[in-house]
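# Results of the structural survey
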Amino acid sequence: MSAPSGDLHQEGARQMGICNSCRYCEGYCAVFPAMERRLAFERAELEYLANRCHGCNECYYACQYAPPHEFAISLPKMLGEVRAASWRSHAWPAPLARSFERGGLVAALALAFGLAAILALAAALGGGGASLLAARAGGDFYAVIPHGVMAGLFGAVGVFVLAALVAGLLSFWRASGEALAGFARAHALAGALKDALSLKYLDGNGAVGCTYPGERSSQARRWFHHLSFYGFLLCFAATVTGTVYHYGFGWVAPYGYASLPVLLGTAGGLGLIAGPAGLAWLKLRRDPATANPEQTGMDTAFLALLVLASLSGLALLAWRETAAMALLLCAHLGVVLALFLVLPCGRFVHGVYRFAALAKYALEQRRPGLDPGRE
Amino acid sequence: MTAEREAEVLVIGGGNAALCAAITAAEAGARVLLLECAPRHYRGGNSRHTRNIRCMHRAPTRVLTEAYPEDEYYEDLLKVTGGNTDEALARHVIRTSEPAIDWMSARGVRFQPSLGGTLHLSRTNAFFLGGGKALVNTYFHRAERLGVEVLYEAEAIDLALDAGRCSCVTVRQDARTFAVRARAVVVASGGFESNLAWLREAWGPAADNFLIRGTPYNMGRVLRALIDRGAQAIGDPTQCHAAAIDARAPKFDGGIVTRVDCVSLGIVVNREGVRFYDEGEDFWPQRDAIWGRLVAQQPGQIAWAIIDRKPIGRFMPPVFPGVRADSIAELAAALGLPVQAVVKTVQDYNRAVQPGHFDHAVLDGCRTRGLSPEKTHWALPIDSPPYYGYPLRPGITFTYLGVKVTPRAQVQLRDGGLAKNLYAAGEVMAGNILSKGYLAGIGMTIGTVYGRIAGEEAARHAAGARQAA
Ligand SMILES: Cc1cc2nc3c(=O)[nH]c(=O)nc-3n(C[C@H](O)[C@H](O)[C@H](O)COP(=O)(O)OP(=O)(O)OC[C@H]3O[C@@H](n4cnc5c(N)ncnc54)[C@H](O)[C@@H]3O)c2cc1C
Ligand code: SF4
Ligand code: SF4
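These numbers come from a predicted model, not from an experiment.

About the thresholds
Residues numbered from 1 in each chain as written. Chains lettered and ligands numbered in written order. Predicted model: local features only at pLDDT ≥ 70, side-chain atom pairs only at ≥ 80, totals over all residues. Heavy atoms only, no water. Helix = DSSP H or I, 4+ residues; strand = E, 2+ residues; numbered from the N terminus. Buried < 20%, exposed > 50% of the residue type's maximum accessible area, 1.4 Å probe, protein only. Contact = heavy atoms within 4.5 Å. Areas by Shrake-Rupley, 256 points an atom, 1.4 Å probe, with all protein chains shown as cover. Buried area = accessible area lost by both parts, 1.4 Å probe. Salt bridge = Lys/Arg side-chain N within 4 Å of Asp/Glu carboxyl O. Polar contact = N/O pair within 3.5 Å; in protein donor to acceptor, adjacent residues only side chain to side chain. Nonpolar A, V, L, I, M, F, W, Y, C, P; charged D, E, K, R; others polar. Near = heavy atom within 4 Å. Domains from an automatic or database assignment. Phe/Tyr/Trp six-rings, centres within 6.5 Å; stacked < 30°, edge-to-face > 60°. Lys NZ or Arg CZ within 6 Å of the ring centre and 35° of its normal. Axes fitted to C-alpha atoms, helices over the stretch in contact; angles between N-to-C directions. Parallel < 35°, antiparallel > 145°, perpendicular 65-115°, else oblique. Left-handed = near helix turned anticlockwise from the far one by under 90°. Pairing = 2+ DSSP bridges. pLDDT = per-residue confidence, 0-100.

What follows deals with the overall build of chain B. Scanning chain B for helices and strands turns up 12 helices and 18 strands. Along the three orthogonal principal directions, the C-alpha set of chain B runs to about 80 × 50 × 40 Å. Counting the 469 residues in chain B, one finds 61% classified as buried. Within chain B, contacts between residues at least 6 apart in sequence are counted, and of these 74% link residues at least 24 apart. Per element, the accessible surface of chain B, about 16800 Å² overall, is 51% carbon and sulfur.

Structure below.
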């Protein structure tokens with residue numbers, strides 16, 4: 001027991017040591033059962049535990065040792081800091097990650113704007129200037145940016161993003177002390193998938209939700225997260241359906257307002273406006289003692305890009321037959337490209353690392369634990 | 001006195017008993033004012049440090065396994081108090097503890113699902129999800145929704161008892177002193193465990209070496225005022241729950257994490273390097289409540305638990321790391337103990353250890369023969385370095401001296417009468433049931449049951465007075 005120290009992992013070990021003696025919060029979340037299997041908390045253990053924490057703040061409001069108590073425990077803050085540091089240290093490629101560390105929002109918006117401008121410029125040069133502002137009956141996107149260019153661009157970015165996410169995942173997995181082969185174990189994947197898809201720990205222990213953003217229980221965060229998560233899935237499904245239409249059936253976009261890709265995309269887009277906007281609003285109202293201000297920029301950038309991508313997508317849908325279409329298309333694609341590019345180094349990776357942490361726990365559960373012979 | 005306030009029911013205290021009383025009275029329609037002398041952040045007294053409540057039940061429930069019938073509960077209580085309890089009150093508490101869980105759940109308290117296993121308390125005790133501070137927060141939210149007015153940093157410093165009626169309570173908040181007049185008053189302000197001067201009065205200078213495990217705010221001011229104004233005191237001021245906790249713990253408020261759970265797996269020596277009690281008498285959760293008193297009786301009120309490598313991982317990890325050494329002599333030196341005496345104690349102990357099959361999950365057959373005192377379970381030789389030593393001090397949990405009450409929570413007076421509008425709940429009357437000894441989880445049971453009774457009685461009295469007015 002030492003006084004709170006500046007060093008993040010030393011401070012993490014201090015706080016986890018107190019929690020491990022106390023364990024009052026063991027029923028709240030997945031951090032505690034994993035903590036109870038351990039007696040020491042080095043960096044690898046802390047990063048693993050931090051990625052099992054979803055920052056619900058329950059343990060903070062329940063803690064008899066929360067500041068101003070001299071033990072000064074705030075797991076959401078400490079684990080949030082360790083988590084953000086773990087994402088940064090495992091993110092690939094490192095320079096990209098670093099550029100979002102500070103001023104994440106400005107950097108992300110600049111990236112989106114820049115990409116949109118480049119697209120507009122390219123379209124203007126390709127189409128001969130004037131056509132950029134002409135209305136197109138039927139809203140034909142490919143007249144502005146040819147399908148091949150669009151598919152090639154997003155394909156390349158998609159491959160990059162996937163490679164970056166996998167690189168980060170593997171780096172995290174190895175640092176956590178697990179063998180590469182462990183990840184391929186059926187029970188590890190099955191256990192992690194089950195917990196991840198059911199968003200098991202977001203239900204806040206039954207009907208009352210969690211203590212976020214304040215001390216009283218609320219379902220708000222869970223619902224906004226659901227809106228974002230399923231909104232994202234629906235948008236993804238819209239893209240997949242569109243791709244199947246294009247290559248499978250030879251049906252070329254734009255699709256009618258009642259078509260499957262448009263319906264899925266619209267529903268998803270609405271979710272991706274309400275969800276992230278709600279999450280950002282809650283974040284602003286949260287108790288500073290539980291927050292990690294360093295991470296706020298990155299989080300806000302990601303939430304802002306999600307909202308912008310949906311807004312610009314819906315605007316594109318609404319005005320696709322007007323003269324604004326070409327510019328809206330460039331803006332939308334620019335934002336979506338920027339969103340993809342920040343995925344590997346932003347808030348999105350929490351899903352990936354959390355998945356790895358769930359898989360590790362599924363492996364760990366089959367190993368013998370400690371037996372402190374408690375009450 | 002600068003101002004006056006009025007309330008139908010005044011509740012003094014902000015812990016479990018006070019909150020149960022305030023909620024019950026408010027639900028019965030009374031206008032309730034609650035005084036908590038702690039700042040908002042430290043509200044909830046000792047209740048914020050708790051984790052479970054002991055409840056009778058005739059069949060398994062959502063949160064308790066098997067059954068824990070009234071008679072078994074009462075027998076357990078008789079055992080720890082040496083038969084010295086108020087049977088009517090005790091049985092009343094036990095019986096009313098059965099519906100308590102549902103009452104608590106209905107007001108938002110969440111419990112952990114019951115865990116299986118012999119070592120667990122989950123047959124007799126229900127565990128709060130998140131512990132006592134989560135429970136206290138839930139009750140405060142509930143009380144506020146019911147319109148209970150809560151004043152923080154508002155300390156009741158005196159009360160007037162005229163012909164058995166509490167006519168006025170004097171309160172200090174910031175630099176202001178004011179009187180509160182209420183139709184009925186519930187005192188739920190805890191014991192006097194935070195009052196070092198009073199502890200010294202009871203224990204002598206030894207008390208200077210005690211640590212206080214819970215809140216620094218239970219100064220016993222209202223208890224003292226009650227006794228001074230004619231309430232009947234009950235209990236011995238030296239009786240309390242006291243555990244042996246790590247000597248490096250803070251003076252106040254260290255809570256649960258300062259416990260040292262390896263006593264039953266090693267040996268304990270005093271300042272002279274000599275053992276003084278059977279460390280393996282029973283499971284540690286059954287014994288931790290006597291070790292505070294045992295250490296308090298040692299010279300300098302200090303002792304040291306010594307283990308070797310073998311028990312590591314078999315007891316709850318302590319917050320303060322053990323002092324570590326590669327030989328017993330080095331350990332004794334590092335702990336500042338007489339080296340030869342400690343080496344001899346360990347040698348004698350190791351020689352007396354009988355062969356047996358060690359199992360910390362049962363009362364095993366590993367014991368010593370020929371020592372005084374013997375160690376009767378979990379006795380393994382202390383011979384595998386590294387060795388660890390943990391300094392122990394008495395850690396006072398809460399005191400038992402209180403006011404005598406009727407089964408309806410009315411305060412009894414020294415002149416034989418009953419106070420007319422004054423009720424007590426929680427630690428401040430726990431001495432009616434606990435003369436000495438302790439049953440894990442019964443503190444919260446007494447507070448919950450008596451808090452509800454006091455709240456109900458106070459609301460009824462206030463309603464009667466309202467009609468009469
Ligand atoms: C570390 C620890 C762990 C424990 N674990 C358990 C457990 O698991 N189960 C269990 O049953 N028991 C446990 N106990 C015992 C338990 O805490 C008490 O028995 C119980 O909380 C008593 O409740 P209460 O409401 O009477 O007192 P408290 O909760 O102590 O509340 C007293 C309140 O009165 C206020 N107060 C005091 N004086 C004044 C005044 N003059 N004016 C205004 N307000 C005043 C205090 O600030 C406080 O809010 C534990 C105790 C400790 C210290
Ligand atoms: S957060 Fe606080 S109450 Fe919860 S386990 Fe840790 S120390 Fe205990
Ligand atoms: S903030 Fe929530 S998820 Fe994180 S450790 Fe605390 S209870 Fe668990």
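There is more to say after this.
Contact with chain B, which involves 43 residues of that partner, is made by 38 residues of chain A. Both faces considered, chain B and chain A share a buried interface measuring about 3400 Å² in area, 53% of it formed by carbon and sulfur atoms. On the chain B side of the contact with chain A, B:Arg51, B:Arg110 and B:Pro317 bury the most area, a combined 17% of that side's loss. The interface formed by chain B and chain A includes four salt bridges. Between A:Arg216 and B:Glu144 there is a salt bridge, with its nearest N and O atoms 2.9 Å apart. Summed over the shared surface of chain B and chain A, the result is 21 residue pairs in polar contact (both at pLDDT 80 or more). Tallied by class, the residues present in the side of chain B that touches chain A amount to 19 nonpolar, 13 polar and 11 charged.

We now examine the site of ligand 1. All names here are of chain B. Around ligand 1 sit 39 residues, and of these Glu-36, Ser-47, Asn-52, Glu-427 and Met-444 come closest. The backbone of Gly-14 places a nitrogen or oxygen atom 3.0 Å from an oxygen atom of ligand 1. Here Glu-427 contributes a backbone N or O atom positioned 2.8 Å from an oxygen atom of ligand 1. For ligand 1, whose unbound accessible area comes to 1000 Å², protein coverage reaches 97%. Looking at the shell around ligand 1, the elements that each hand over two or more residues are α1 (16-27), β6 (154-162), β15 (387-399) and α12 (442-468). In terms of residue class, the shell around ligand 1 is made up of 14 nonpolar, 20 polar and five charged.

A word on the pattern of salt bridges. Side chains carrying opposite charge are able to pair once their charged atoms draw close together. Residue and element names in this part refer to chain B. Throughout the structure, instances matching the rule amount to 44 salt bridges over all chains. Of the charged contacts in the structure, one is a salt bridge between Asp-246 and Arg-248, with a shortest N-O distance of 2.9 Å. Asp-246 sits in the buried class, given a relative accessible area of 1%. Note that Lys-344 is salt-bridged to Asp-348, the shortest N-O span being 2.7 Å. You can see Lys-344 and its partner Asp-348 sitting in helix α10 (residues 339-352), four residues apart, about one turn around the helix. Take Asp-348: its relative accessible area is 25%, and that puts it in the partly exposed class. Taken together, the shared-partner salt bridges in this structure form one network comprising Glu-70, Asp-71, Glu-87, Arg-91 and Arg-95.

Another aspect to go through is the side chain of B:Gln173. Tracing the backbone through its elements, the reader meets B:Gln173 in strand β7 (residues 165-173). A relative accessible area of 13% places B:Gln173 in the buried class.

As a further point, take the domain arrangement of chain A. Interface extent is often summarised as the accessible area lost during association of the parts. All names here are of chain A. Under the domain assignment used here, chain A contains domain 1 (5-90) and domain 2 (94-364). Here the C-alpha centre of domain 2 lies 29 Å away from the C-alpha centre of domain 1. Listed as interface residues are 31 residues of domain 1 and, on the opposing side, 39 residues of domain 2. Carbon and sulfur atoms supply 52% of the area that domain 1 and domain 2 bury against each other, a total of about 3100 Å² over both sides. Three residues, Trp-87, Arg-88 and His-90, lead the burial of domain 1 against domain 2; their summed loss comes to 25% of the area buried on that side. For the interface between domain 1 and domain 2, the tally reads two salt bridges. Arg-37 is the salt-bridge partner of Glu-364, the closest N and O atoms lying 3.8 Å from each other. Our enumeration of links across domain 1 and domain 2 arrives at 15 residue pairs in polar contact (both at pLDDT 80 or more).

Right, let's get into the domain arrangement of chain B. All names here are of chain B. As assigned here, chain B comprises domain 1 (2-239 + 400-468) and domain 2 (242-395). For domain 1 and domain 2, the distance between their C-alpha centres works out to 35 Å. Here domain 1 packs against domain 2, burying approximately 1900 Å² in sum over the two surfaces, 57% of which is carbon and sulfur. At the boundary of domain 1 and domain 2, one finds one salt bridge. Counting the contacts that link domain 1 with domain 2 gives 14 residue pairs in polar contact (both at pLDDT 80 or more). Elements supplying a minimum of two residues to the side of domain 1 that touches domain 2: α6 (196-203) and β9 (211-212).

It is worth spelling out the site of ligand 2 at this point. All names here are of chain A. Around ligand 2, a shell composed of Ile-18, Cys-19, Cys-22, Arg-23, Tyr-24, Cys-25, Phe-32, Cys-59, Cys-63, Gln-64, Tyr-65 and Ile-73 is seen. With three residues, helix α1 (residues 8-22) is the single largest residue contributor to the shell around ligand 2. Classifying every residue of the shell around ligand 2 by side-chain character gives 10 nonpolar, one polar and one charged.

Moving on to the packing of aromatic side chains. Residue and element names in this part refer to chain A. One pass over the structure, following the stated rule, counts 25 aromatic pairs over all chains. Ring centres of Tyr-245 and Trp-251 lie 4.8 Å apart, and the angle between their planes is 75°; this geometry places the pair in the edge-to-face category. Given a relative accessible area of 14%, Tyr-245 falls into the buried group. Classification of Trp-251 by relative accessible area gives partly exposed; the value is 45%. These aromatic residues form a ring-pair network of at least three members: Tyr-245, Phe-249, Trp-251 and Tyr-255. The lysine or arginine in question, Arg-52, covers the ring of Tyr-361, its NZ or CZ lying 4.2 Å from the ring centre. Positioned above the aromatic ring of Tyr-48, the side-chain terminus of Lys-360 is 5.0 Å from the ring centre.

Residues and elements named next belong to chain A. Packing of helix α9 (residues 186-197) against helix α14 (residues 349-364) leaves a shortest axis separation of 8 Å and a crossing angle of 130°. Accordingly, the angle class assigned to the pair α9 and α14 is oblique. Like other packed secondary-structure pairs, α9 and α14 cross with a definite hand, here right-handed. Here His-187, Ala-188, Leu-189, Gly-191, Ala-192, Leu-193, Asp-195 and Ala-196 of α9 lie close against α14, whose contacting residues are Phe-355, Leu-358, Ala-359, Ala-362 and Leu-363. For the contact of α9 with α14, a count of residues per class yields 10 nonpolar, two polar and one charged.

Residue and element names in this part refer to chain B. Burial of strand β18 (residues 418-424) is extensive: five of the seven residues sit out of reach of the surface. In this structure, strand β8 (residues 176-187) lies alongside β18, joined through three bridges in parallel fashion. Across the sheet, Val-186 pairs through a bridge with Tyr-423, a residue of β18. As paired strands, strand β17 (residues 410-412) and β18 are joined by two bridges and run antiparallel to one another. When the sheet's bridge partners are listed, Gln-412 is paired in β18 with Leu-418. Between β17 and β18, which pair antiparallel in sequence order, lie five residues; one of them, Gly-416, sits at a positive phi of approximately 95°.

Let us now look at the confidence of the model for chain B. Here chain B averages 95 in pLDDT, while 98% of its residues score no lower than 70. Taken over the whole predicted complex, pTM reads 0.93, whereas the ipTM for its chain interfaces reads 0.95.

The next subject is unusual backbone geometry. With an omega of 15°, the peptide bond running from A:Pro67 to A:Pro68 counts as cis. Along the polypeptide, A:Pro68 turns up in the loop between α4 (58-61) and α5 (75-90). Cis geometry marks the peptide bond from B:Ser372 to B:Pro373; its omega dihedral reads -5°. Topologically, B:Pro373 is positioned in the loop between α10 and β15. Phi at A:Arg23 takes a positive value of approximately 65°, unusual for a residue other than glycine. Its location among the elements puts A:Arg23 in the loop between α1 and α2 (31-35). Note on A:Arg23: relative accessible area 3%, which makes it buried. At A:Asn57, a position not held by glycine, the phi torsion is positive, near 75°. Mapped onto the elements, A:Asn57 comes out in the loop between α3 (43-50) and α4. For A:Asn57, a relative accessible area of 2% corresponds to the buried category.

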